[in-house]
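What the coordinates show
Okay, here's what each chain looks like letter by letter:
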Amino acid sequence: MSFVITRRALLAATAVLAICTSGTLAQDKILLRLSGVNSETDQRAIALVNVFGPAVAEFATFEPHWNGTLFQQGTELEAIASGDLEMSITSAQELATFFPEWSVFAAGYVLQSAEHQVRVFNDPLMDPFKEKVESELGVRLLAPMYLGRRQVNLRQPRSEIDVKTPADLAGVNLRMPGTDAWQFLGRALGANPTPMAFTEVYTALQTGAVDGQDNPLPTVVDAKFYEVTKQIALTSHLVDWNFIAISAEVYNGMTAEQQAAVTAAAVAAADSGRAAQLAKEEELVAFLEEKGLEIYEPDVAAFRTAVQSAYLTSDFAASWPEGVLDAVNALGD
């Protein structure tokens, strides 16, 4: 018995093999689910989707979930540690709930600029901090993301509350995230910090459950807080940063080439988001003024003195490794 393999049959067999092979390859791809509380229009989200995702697409499927739809704010690191999540955008404040010494990177008026953040993150002074997070929590920090300069945003007009010094925030219910580091910063600013998840802030401002919130201008616009607030005092009390975080177990399971690609992709995404966020900060004052908000600069020196004094006499400073604050300052602008 003889068989004749026609060209059509050969092509059909090749197509079936290709489909099977592609299915296998797709199944073999590493799943990288990221949980974030920010919206999909946030510059961090845009950078991760447009830069990070495509850069790792050859071997990984990047699956972001925004607005706290996969894990609620404050639960992401534990989810990574337990193997239920691969990636998140974390903060120094959140890390300080596990490792108190991280509060030095969340203290008011310590970090000076976006560039200062990058220098600090890449400096050897950060190595023991990163290593402890990885060894004890199972989370690897890939790159720093610039969130922006946090400002005080209130629902009352300036005619009711004119913020010049910390004393003017006395009795003001200022929404802050619920960790100890955030709550302490709110008190250091002179306000009455109110813990609340980010996803609840708009409604709380709208109903008067809180008097204000603090975030960088791009976040004010992205979350449309300008619809339910009347003023912004440019305290610039925190040059805030986040970190692209990944499960150490997932990362260590990659090849050396994949690890290098993931790290490079994270750095590229962070660089892209930083540039976009800085540009937005520059242009948004005019936009917010057009929306009717009063924007002004208080006595920043008075805020800096009060905030730094509060930190240096607090339990937080007692947890800071000797010489770290001086090393951070030495890397400043």
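Residues numbered from 1 in each chain as written. Predicted model: local features only at pLDDT ≥ 70, side-chain atom pairs only at ≥ 80, totals over all residues. Heavy atoms only, no water.

Among the nonpolar cores identified, the biggest contains 59 residues, and W102, F105, V120 and L169 are the most heavily contacted of them. The residues touching F105, leaving out its near neighbours within four places in the chain, are A92, L111, V120, L125, M126, F129, W241, V324 and V328. In this structure, V56, F59, I89 and Y251 belong to the second largest nonpolar core, which totals 25 residues. (Core = buried A, V, L, I, M, F, W, Y, C linked by side-chain atoms within 4.5 Å. Buried < 20%, exposed > 50% of the residue type's maximum accessible area, 1.4 Å probe, protein only. Contact = heavy atoms within 4.5 Å.)

Two elements in contact, helix α2 (residues 43-56) and helix α11 (residues 256-290), have axes whose closest approach is 8 Å; the angle formed by their N-to-C orientations is 150°. Between α2 and α11, the angle is such that the two are roughly antiparallel. Relative to α11, α2 is oriented so that their crossing is right-handed. Residues Q43, A47, L48, V51, F52, A55 and V56 of α2 pack against A261, V262, A265, A266, A268, A269, S272, G273, A276, Q277 and K280 of α11. When grouped by side-chain class, the residues that make up the contact of α2 with α11 number 13 nonpolar, 4 polar and 1 charged. (Axes fitted to C-alpha atoms, helices over the stretch in contact; angles between N-to-C directions. Helix = DSSP H or I, 4+ residues; strand = E, 2+ residues; numbered from the N terminus. Parallel < 35°, antiparallel > 145°, perpendicular 65-115°, else oblique. Left-handed = near helix turned anticlockwise from the far one by under 90°. Nonpolar A, V, L, I, M, F, W, Y, C, P; charged D, E, K, R; others polar.)

Looking now at the side chain of T229. Within the element layout of this structure, T229 appears in the loop between α9 (217-222) and β8 (231-247). One polar contact links T229 to N153, side chain to side chain, over a distance of 3.0 Å. Among the polar contacts listed, one links the side chain of T229 to the backbone oxygen of F225, at a separation of 2.8 Å. Non-local contacts of T229, meaning those with residues more than four positions away in its chain, are made with N153, L154, R155, L205 and L293. (Polar contact = N/O pair within 3.5 Å; in protein donor to acceptor, adjacent residues only side chain to side chain.)

The next thing to look at is the pairing of strand β1 (residues 30-35). Sheet topology places β1 next to strand β2 (residues 60-65); 6 bridges connect them, and they run parallel. The partner of I30 across the bridge, within β2, is A60. Crossover β1 to β2 through α2 is right-handed. (Pairing = 2+ DSSP bridges. Right-handed = clockwise from strand over helix to strand, strands pointing away.)

As a further point, take the pairing of strand β5 (residues 173-176). Direction of pairing for β5 relative to strand β6 (residues 192-195): parallel, over a ladder of 4 bridges. Paired with N173 across the strands is N192, a residue of β6. Viewed along the sheet, the connection from β5 through helix α7 (residues 180-188) into β6 turns out right-handed. Both β5 and strand β7 (residues 212-215) contribute to a ladder of 2 bridges, which runs parallel. Bridge assignment links R175 to a residue of β7, and that residue is Q213.

The next point concerns the side chain of E86. Within the element layout of this structure, E86 appears in the loop between α3 (76-81) and β3 (87-91). In this structure the side chain of E86 is engaged in a polar contact, spanning 2.8 Å, whose partner is the side chain of R33. Setting aside chain neighbours within four positions, we find E86 in contact with L31, L32, R33, I80, A245, I246, S247 and V250.

To continue, consider α7. One full turn of an α-helix is made of 3.6 residues, so residues set three or four places apart face in the same direction. For α7, the tally of buried residues reaches 7 of 9 residues, placing the bulk of the element in the interior. Among the residues making up α7, those that are buried are A181, W182, Q183, F184, L185, G186 and A188. Looking at the residues trailing α7, positive phi occurs at G190, about 100°.

As a further point, take helix α6 (residues 127-137). Residues of α6 that are buried include every one of F129, K130, V133 and L137, and no others. Angularly, the buried residues of α6 cover 100° about the axis, an arc narrow enough to put them on a single face. Facing away from the buried side of α6 by more than 90 degrees, the exposed set consists of E131, S135 and E136. Buried positions along α6 lie against α3, α4 (92-96), α5 (114-122), β4 (139-154) and α14 (324-330). (Arc of directions from axis to C-beta.)

Within the secondary structure layout, N329 lies in helix α14. Looking at N329, the relative accessible area reads 39%, which means it is partly exposed. Residues N329 and L111 lie 218 residues apart in sequence; the distance between their C-alpha atoms is 7.9 Å. Aside from chain neighbours lying at most four places away, what touches N329 is V110 and Q112.

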